[in-house]
Amino acid sequence: MTQSTTVPGEARRLPRIGVDHPLAIAAAVAISFVGNAVVMGMPLMVGAWADFLHFDEQQVGWLASADLGGMFLASLATAVLVSRLNRRHLALLGILVAIAGNYLSTQYQDYSSLLAMRVLAGFGGGICYSTGIACLAITTRTGRNFSIMMFGLVAINAIELYTIPHLTGAWGIDGIFLAFCVAFALCLAVLPALYPHTPAGAEKLAGERWADTAPRLPRLLPWCCLLAVACFYITIGSFWAFIERAGVDAGLTDAFIANVLTLGNVFTLSGCVAAVWLSRRAGQSRVLMAALVGMAGVLALLAMEISATTFVIGTFGFCIAWLFTDIFQLGTLSHIDASGRYAALVPAAQGVAQTAAPAIAGFLLARELGYGAVMLLGAAGSLAALCLYAVVYARLRRLAPQMADAE
């Protein structure tokens, strides 16, 4: 597929890589999981802030919110610019800002300065993450491509969780920030393969794809999906930021916690294949809703008791439910809107929830309500998302049955 909206002379300079070219998909996946690396490493980063810089639970909650708030702001900016600017330029900006924010985090480590540096680092990473998602959302096989992205996220997350204790052991908390700098610098190599512009006519693609059943869909549906993403990421932000601290509070060893988190992520790699298989047989929407039910269930289990057994069950269940939900909520939104504009807002929806959730969880802990309350907060977020997706699914069943059960 050749871009017809490039400026004069640009087509001669840019490689002729279409939206579905394997290199374009690989580049989008790469900048997505590097842009999201801070989120994936959040449990051990929170522990490092507490152990090395001696911040209390409320402070580490705000620091976690700072990174995620930066991603939220970046997503809003990317959603506005992604259809207007060269996506390679956007990704380059994100990489440079992220490197600056992470490097400055090694230089300024009093609480207020570090808070500002983490917003900056999150903003840079958020631009990369949002741009990568927007590039994948305009591809033809979104379910497959988002599964590939989640496979990459899970694999890198397992490596990240394994290496962070070694980095902090050798260089303290600066080791984490410098590792992020290196990861973003490596992303410069994939920028030439990114598909540079939104394809002409992409706004009409969703209607053409489902012309027999839904030439036009209510604009309320993508916004409902984005609200569901935000609700679900209340779950992610509250659980993922504090699960390491919850394990420590329950008397589990640091090595046990790190190993379970790493193995839980490795376990979910098989889920990427299962996700594609299930979506072909049951459709994305029904698998998505089943995953949300499972997420609420494992968090309710952890709210009752955190022991070695429930920690393993809860972590593994959480990781697989997170994988399935992320794949299918991105795929569902991409079916409804093929332009990628709403998909670029997904990190904003994630970010606003992830910004609020650690702070709310920290507030609950500061009031001595315990980690059970944090788990119940997460369960409530998943149940709210389930209700919203049920409304979207019911509406699609009436307006576009093929889309409602699409793979």
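Residues numbered from 1 in each chain as written. Predicted model: local features only at pLDDT ≥ 70, side-chain atom pairs only at ≥ 80, totals over all residues. Heavy atoms only, no water.

As recorded in an unreviewed UniProt entry, the protein chain goes by the name MFS transporter, listed as coming from Halomonas koreensis.

**Considerations on the packing of helix α6 (residues 87–105) against helix α7 (residues 111–137)**
Filter applied, for reference: Lines fitted to C-alpha atoms define the axes, with helix axes restricted to the stretch in contact, and inter-axis angles between N-to-C directions lie between 0 and 180 degrees. Working definition: helices are DSSP H or I runs of at least four residues, strands are E runs of at least two. Numbering for both runs from the N terminus. Angle categories are assigned with fixed cut-offs, so that under 35 degrees is roughly parallel, over 145 is roughly antiparallel, 65 to 115 is roughly perpendicular, and the rest are oblique. In a left-handed crossing the near helix is turned counterclockwise from the far helix by less than a right angle, and in a right-handed crossing that turn is clockwise. Each residue receives one of three labels: charged for Asp, Glu, Lys and Arg, nonpolar for Ala, Val, Leu, Ile, Met, Phe, Trp, Tyr, Cys and Pro, and polar for the others, Gly being one of them.
Packing of α6 against α7 brings their axes to within 7 Å, and their N-to-C directions diverge by 155°. Here α6 lies roughly antiparallel to α7, going by the angle between them. The interaxial crossing formed by α6 with α7 has left-handed handedness. Taken together, the residues of the contact of α6 with α7 sort by class into 17 nonpolar, seven polar and two charged.

**Structural notes on helix α2 (residues 22–35)**
Where we set the bar: Here the expected span of a helix is defined as 1.5 Å times the quantity of residues minus one. Think of it in three bands: with a 1.4 Å probe and only protein chains considered, a residue is buried below 20% of the maximum accessible area for its type, exposed above 50%, and partly exposed in between.
A rise of 1.5 Å per residue sets the reference length of α2, with its 14 residues, at 20 Å; its end C-alpha atoms lie 20 Å apart and thus fit the reference within 8%. Among the 14 residues in α2, eleven count as buried, and that is most of the element. Taken together, the buried positions of α2 are Ala 24, Ile 25, Ala 27, Ala 28, Val 29, Ala 30, Ile 31, Ser 32, Phe 33, Val 34 and Gly 35.

**Re the nonpolar core**
Using the following cut-off: Grouping buried Ala, Val, Leu, Ile, Met, Phe, Trp, Tyr and Cys residues that are joined through side-chain atoms within 4.5 Å yields what is termed a nonpolar core. Here a residue-residue contact requires only that any non-hydrogen atoms of the pair lie within 4.5 Å.
In terms of nonpolar packing, the biggest core is built from 124 residues, with Met 42, Trp 49, Met 149, Trp 240, Met 295 and Trp 322 touching the most fellow members. It is helix α11 (residues 220–249) that provides the largest number of residues to this core, a total of 18 residues. If sequence neighbours within four positions are ignored, Trp 322 has contacts with Met 40, Phe 232, Tyr 233, Ile 236, Trp 240 and Met 295.

**Comments concerning the packing of aromatic side chains**
Note the threshold: Centre distance within 6.5 Å is the pairing criterion for rings of Phe, Tyr and Trp, where only the six-membered ring of Trp is used; planes under 30 degrees apart are then read as stacked, over 60 as edge-to-face, and the remainder as tilted.
Within this structure, the stated rule accounts for five aromatic pairs. Each ring, one from Phe 232 and one from Tyr 233, has its centre 5.5 Å from the other, and the planes form 85°; the classification is edge-to-face. With respect to class, Phe 232 is no different from Tyr 233; both count as buried. Linked through ring pairs, Phe 239, Phe 318 and Trp 322 together constitute an aromatic cluster.

**A look at the environment of Ser 113**
Rules: Two N or O atoms form a polar contact when they lie within 3.5 Å of each other; inside protein one atom must be a possible hydrogen donor and the other a possible acceptor, and for residues adjacent in sequence the pair counts only when both atoms belong to side chains.
Along the polypeptide, Ser 113 turns up in helix α7. Take Ser 113: its relative accessible area is 23%, and that puts it in the partly exposed class. One polar contact links Ser 113 to Asp 110, side chain to side chain, over a distance of 2.9 Å.

**Focus on helix α12 (residues 254–267)**
Three- or four-residue spacings in an α-helix give side chains the same orientation, since the helix completes a turn every 3.6 residues. Its 14 residues give α12 an end-to-end C-alpha distance of 20 Å, which sits within 8% of 20 Å, the value for a rise of 1.5 Å per residue. Buried within α12 are the following residues: Ile 257, Ala 258, Val 260, Leu 261, Thr 262, Gly 264 and Asn 265.

**Side note on the pattern of salt bridges**
Worth spelling out the cut-off: Counted as salt bridges are all cases of a side-chain nitrogen of Lys or Arg within 4 Å of a carboxyl oxygen of Asp or Glu.
Applying the stated rule across the entire model yields three salt bridges. Put simply, Asp 51 and Arg 245 hold a salt bridge, and the shortest N to O gap is 3.8 Å. Of the two residues, Asp 51 is situated in helix α4 (residues 42–53) and Arg 245 in helix α11; the sequence distance between them amounts to 194 residues. Residue classification places Arg 245 among the buried positions, given a relative accessible area of 16%. Each of Asp 51, Glu 244 and Arg 245 takes part in salt bridges that share partners, so that together they form one network.

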